[in-house]
Structures are given as structure tokens and as C-alpha cells.
Amino acid sequence: MNIIFRNSYGAIGHVNDSVNPECKLQLIVDTIGIYMSLADLEYLLSVVENTRASCLCEDCGNEFDKIVCKNARIDLHLKINKGRLQLLEELIKETLFNLEIVHTLKVNKIDLGL
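Colleague: I tried to follow the overall build of the protein chain on my own but got confused; where do I start?
Modeller: Regarding its fold elements, the protein chain presents 2 helices and 6 strands. The order of helices and strands in the protein chain, counted from the N terminus, is β-β-β-β-α-β-β-α. By residue count, 34% of the 114 residues in the protein chain fall in the buried class. Counted over contacts in the protein chain with a minimum sequence separation of 6, partners at least 24 positions apart contribute 40%. Accessible surface computed for the protein chain: about 7600 Å², of which carbon and sulfur atoms make up 53%.

This is how it looks when you write it as C-alpha cells:
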């Protein structure tokens, strides 16, 4: 596995020999690893962003203790707090940014010689 991006909460890597050809990414947080497709990762980002945009009223104070991400294959429930949510968002956004940069370099046939 090649790590695409890592922070203090976790990492996302590219899996070279995934059992499911659609799921070439692995999200690793705490002690779990989850195989995901690019579409799964983008959907998880929308869940994270919607959680951050949740109610800001004085009654709830924008408090939450988990996020839920569902698709046809899995229901993912992650225990989370505000700090971890920010780190998860950073992890996903930076991974997507790095993947887009690699794609742009390939499309434009730019070799950095790394």
C-alpha cells in the first residue's frame, strides 16, 4: 500500500492488489482499515461536511458523538468529536487533492522524476 496522505488521526493509502477492483483506497483510522472506492471517499466527505454544518443553536451547541455513512455495501458508524471530525475532513480533502494532482500530471504527461 502506498500512503497518499496521513495526519495524526489516520491515513489513506492506495491498495495495489485489492480484492474488489473498485475499492483501491484504504482509510485507516484508529485501529480499523476500510477499503473504499473514490466515490465512497467523496460521499464520506459530504457526510463529514454536512455534520460540520449541523445545527448551531445554543441548545445543542453543535455537539455530536458519531457520524453515519451508508451505502449499498456498508453502514459505517464512527465515534467522533469536533477535533477528530476536523482531522477526518483534512485527511479526505488532502487525499482527494493529491489524487487530482497525480491525475492532472498524468493527463498532461508531466513526469517529475520522483
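Colleague: What is the right way to read the layout of surface pockets from this model?
Modeller: In this approach, a probe sized like a water molecule rolls over the atoms, and the result shows the empty space that is left. Size it by volume and the largest pocket reaches roughly 260 Å³. In terms of lining, the largest pocket is formed by I4, H14, L38, L96, L99, E100, V102, H103 and K106. Here the element with the most residues in the lining of the largest pocket is helix α2 (residues 82-107); it accounts for 6 residues. Here the lining of the largest pocket is composed, by residue class, of 5 nonpolar, 2 polar and 2 charged.

Colleague: Please explain the environment of N20 as it appears in this structure.
Modeller: Turning to its location among the elements, N20 is positioned in the loop between β2 (10-14) and β3 (25-29). N20 sits in the partly exposed class, given a relative accessible area of 29%. Expressed as a C-alpha distance, the spacing of N20 and S37, which sit 17 residues apart in the sequence, is 9.2 Å. At a separation of 2.9 Å, a polar atom in the side chain of N20 contacts the main-chain amide nitrogen of E22.

Colleague: How should I be thinking about the pattern of salt bridges in this particular structure?
Modeller: For side chains of opposite charge, pairing can occur when their charged atoms come near one another. Within the structure shown, the criterion is met by 2 salt bridges. With a closest N to O distance of 3.1 Å, K93 and E89 form a salt bridge. Remark: E89 and K93 occur in helix α2; sequence separation between them is 4 residues, near one turn of the helix. Under the relative-accessibility criterion, K93 is labelled partly exposed at 38%. Classification of E89 as buried rests on a relative accessible area of 9%. Several salt bridges converge on common partners, so that one network encompasses E49, E89 and K93.

Colleague: I tried to follow the pairing of strand β6 (residues 75-79) on my own but got confused; where do I start?
Modeller: Along any regular strand, the residues point their side chains to alternate faces of the sheet. Taking every second residue as pointing to the same face, the buried face of β6 carries L76 and L78, while none of D75, H77 and K79 on the other face is buried. Inspection of the sheet shows strand β5 (residues 66-70) paired to β6 by 5 bridges, in the antiparallel sense. Across the sheet, K70 pairs through a bridge with D75, a residue of β6. Between β5 and β6, which follow one another and run antiparallel, lie 4 residues.

Rules used throughout
- Residues numbered from 1 in each chain as written.
- Predicted model: local features only at pLDDT ≥ 70, side-chain atom pairs only at ≥ 80, totals over all residues.
- Heavy atoms only, no water.
- Helix = DSSP H or I, 4+ residues; strand = E, 2+ residues; numbered from the N terminus.
- Buried < 20%, exposed > 50% of the residue type's maximum accessible area, 1.4 Å probe, protein only.
- Contact = heavy atoms within 4.5 Å.
- Areas by Shrake-Rupley, 256 points an atom, 1.4 Å probe, with all protein chains shown as cover.
- 1 Å grid on protein atoms, 1.4 Å probe; cavity = no way out; pocket = protein on both sides within 12 Å on 5 of 7 lines; lining within 4 Å.
- Points joined across faces, edges and corners; volume = space filled by probe spheres on them.
- Nonpolar A, V, L, I, M, F, W, Y, C, P; charged D, E, K, R; others polar.
- Polar contact = N/O pair within 3.5 Å; in protein donor to acceptor, adjacent residues only side chain to side chain.
- Salt bridge = Lys/Arg side-chain N within 4 Å of Asp/Glu carboxyl O.
- Pairing = 2+ DSSP bridges.

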